[in-house]
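Summary of the model geometry
Chain by chain, the residues:
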Amino acid sequence: MKPPRHIAIIMDGNGRWAKERGLPRIKGHEKGAESLRAVVEGCAEVGVEFLTVYAFSTENWSRPKAEVSALMKLLELFIERETPELIEKGIRLQAIGRLTDLPESCQRALHKAIEATSGGTRLTLVLALSYSGRTEITDAVKSIVRDVQAGRIDSAMIDPELISRHLYTRVYPDPDLLIRTSGEMRLSNFLLWQLSYTEIVVTQKLWPDFGKDELREAIAEFHGRDRRFGAV
Ligand code: FPP
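Residues numbered from 1 in each chain as written. Predicted model: local features only at pLDDT ≥ 70, side-chain atom pairs only at ≥ 80, totals over all residues. Heavy atoms only, no water.

**Examining the nonpolar core**
Inclusion rule: We call a set of buried residues a nonpolar core when its members are Ala, Val, Leu, Ile, Met, Phe, Trp, Tyr or Cys and they connect through side-chain atoms within 4.5 Å of each other. The classification of residues rests on relative accessible area computed with a 1.4 Å probe and restricted to protein chains. Under 20% of the type maximum is buried, over 50% is exposed, and intermediate values are partly exposed. When checking whether two residues touch, look at their non-hydrogen atoms; a contact exists if any pair is within 4.5 Å.
The biggest cluster of nonpolar side chains holds 42 residues, and the ones touching the most others in it are I7, I9, L51, L110, L127 and L129. Discounting chain neighbours no more than four positions away, the residues touching I9 are V39, L51, T52, V53, Y54, L178, I179, F190 and W207. Membership of the second largest hydrophobic core comes to 14 residues, among which are A8, Y131, Y168 and F190.

**Remarks on the packing of helix α3 (residues 65-89) against helix α4 (residues 104-116)**
Put simply, the rule reads: Note on definitions: angles span 0 to 180 degrees between N-to-C directions of axes, and those axes are lines fitted to C-alpha atoms, for helices only across the stretch in contact. Think of it this way: any DSSP run of H or I at least four residues long counts as a helix, any run of E at least two long counts as a strand, and we number them from the N terminus. Angle categories: roughly parallel below 35 degrees, roughly antiparallel above 145, roughly perpendicular from 65 to 115, and oblique for all the rest. If you view the pair so one helix is near and one far, a crossing is left-handed when the near helix is turned anticlockwise from the far one by less than a right angle, and right-handed when it is turned clockwise. In this count, Pro and Cys sit with the nonpolar residues alongside Ala, Val, Leu, Ile, Met, Phe, Trp and Tyr, while Asp, Glu, Lys and Arg are called charged and the others, Gly among them, polar.
As a packed pair, α3 and α4 sit with axes 9 Å apart at the nearest point and diverge in direction by 15°. One finds that α3 runs roughly parallel with respect to α4. Handedness of the α3/α4 crossing: left-handed. Contacts between α3 and α4 involve M72, L75, E76, I79, E80, T83 and I87 from the former and S105, C106, A109, L110, A113 and A116 from the latter. Grouping the constituent residues of the contact of α3 with α4 by class yields nine nonpolar, two polar and two charged.

**Section: the site of the ligand**
Quick note on the threshold: Near is defined per residue: the residue qualifies when any heavy atom it owns lies within 4 Å of the molecule or strand. Pairs of N or O atoms within 3.5 Å make up the polar contacts considered here, provided that, within protein, one atom can donate a hydrogen while the other can accept it, and that residues adjacent in sequence are counted only when both atoms are side-chain atoms. All accessible areas in this document rest on Shrake-Rupley with a 1.4 Å probe, and a residue is counted as covered only by the protein chains that are shown.
Around the ligand sit 16 residues in total, of which D12, G15, R16, R25 and R63 are the nearest. Separating an oxygen atom of the ligand from a backbone N or O atom of G13 is a distance of 3.3 Å. Take N14: an N or O atom from its main chain is 3.2 Å from an oxygen atom of the ligand. Burial of the ligand by the protein amounts to 91% of the accessible area it has alone, namely 620 Å². Mapped onto the shell around the ligand, the elements with two or more residues apiece are α1 (14-20), α2 (25-46) and α3. It is α2 that contributes the most residues to the shell around the ligand, four residues altogether. When its residues are assigned to classes, the shell around the ligand shows seven nonpolar, five polar and four charged.

**Quick look at the packing of aromatic side chains**
Threshold: Any Phe, Tyr or Trp ring, taking Trp's six-membered ring, that has another such ring centre within 6.5 Å forms a pair; planes under 30 degrees apart are called stacked, those over 60 apart edge-to-face, and the others tilted.
Summed over all chains, the structure comprises eight aromatic pairs. When the centroid spacing of 4.7 Å and the interplanar angle of 70° are considered together, the rings of F56 and W61 count as edge-to-face. For F56, a relative accessible area of 2% gives the class buried. Aromatic pair Y197 and F229: ring centres 5.9 Å apart, planes at 50°, arrangement tilted. You can see Y197 sitting in the loop between β5 (177-180) and β6 (199-202) and its partner F229 sitting in the segment after α7 (212-223), a full 32 residues away along the chain. Cluster of aromatic residues (ring-pair linked, three or more members): Y54, Y131, Y168 and F190.

**Looking at the pattern of salt bridges**
Quick reminder of the rule: Between Lys or Arg on one side and Asp or Glu on the other, a salt bridge is scored when a side-chain nitrogen of the former is within 4 Å of a carboxyl oxygen of the latter.
Evaluation of the coordinates by the stated rule reveals 26 salt bridges. For R21, the salt bridge is made with E20, and the minimal N-O distance between the two is 3.6 Å. When the shortest N-O distance is used, the salt bridge between E85 and R37 registers 2.8 Å. Of this pair, E85 sits in helix α3 while R37 sits in helix α2, placing them 48 residues apart in sequence.

**A short note on the environment of F50**
Among the structural elements, F50 can be located in strand β2 (residues 50-57). For the pair F50 and I91, spaced 41 residues apart in sequence, the C-alpha to C-alpha distance is 9.7 Å.

**Topic: α3**
Note the threshold: Every helix has an expected span of 1.5 Å times one less than the residues it contains. Here the bend at a residue means the angle between the axes of two seven-residue stretches, the one that ends at it and the one that starts at it.
Its 25 residues place the ends of α3 35 Å apart at the C-alpha level, agreeing with the 36 Å of an ideal helix rising 1.5 Å per residue. Of all the bends in α3, the greatest, near 45°, is centred on E82, and the proline P84 appears no more than four residues after it. Where α3 is concerned, the buried positions are E67, V68, L71, M72, L74, L75, E76, F78, I79, E82, T83 and L86. Contacts made by the buried residues of α3 are with α2, β2, β3 (91-96), α4 and β4 (123-131).

**A look at the sheet that holds β5**
So the rule is basically this: Note on pairing: two strands pair once DSSP finds at least 2 bridges between them.
The strand order across the open sheet formed by six strands is β3-β4-β2-β1-β5-β6, and the pairing between neighbours is parallel. The sheet is open, and its two borders are formed by β3 and β6, each paired with just one other strand. In this sheet, neighbouring strand axes are inclined to one another by 20° on average, regardless of whether the strands run parallel or antiparallel. Running over the sheet, α4 touches β3 and β4 and is turned about 140° from β3.

Now the structure itself:
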């Protein structure tokens, strides 16, 4: 059976994983980074073409300063450490969100890795960073209004396809499968427009305990679904 073309993941539960072990929250994020590494590899192995992960939301900026800076450092390290392997495996790194909100060193590392991996054709890994679905839609509305005001398009041309082409995700297909770990039944402002017809799999596993086996289980559950896209 064909794998989902695009998988999106809300990687939740790092804090709980750490708390259960009496560890600081950042230890959960560090273990979460290892899960991400395994899941990226798993997606490439089964032939998924796009993987979008919610690595840092706009709302996450309101966490304690120490946690935010530790997460930013972890992100930078992850990007630098993983780049050689991403290149070797044919994985292209990309990012969506208000990237200019990130610390400069993080932005530099990110753009360097995006450039270095740009030749990858096997899998596209998209990191959602300082991302908010509502902000993305707001930015799209502003950009469409600018195009109308400048006479580049007529307002009669505004339809769902045109709106999709103004989102950060304009070059990716909509996700087929959304996985959320740690049992929460929420979208948390993630890909609000793009998830309209996406199958959702929520697992009780905390993100640091999620790996290739759990990925395969989620894909199997996806294959059991009857996708009708509103038709009968
Ligand atoms: C949610 O767990 C996770 C995050 C806010 C950040 C996601 C980050 C990672 C998986 C780290 C690795 C990623 C990269 C790109 C290096 P939580 O802290 O909200 O968990 P909780 O709900 O149990 O407190």
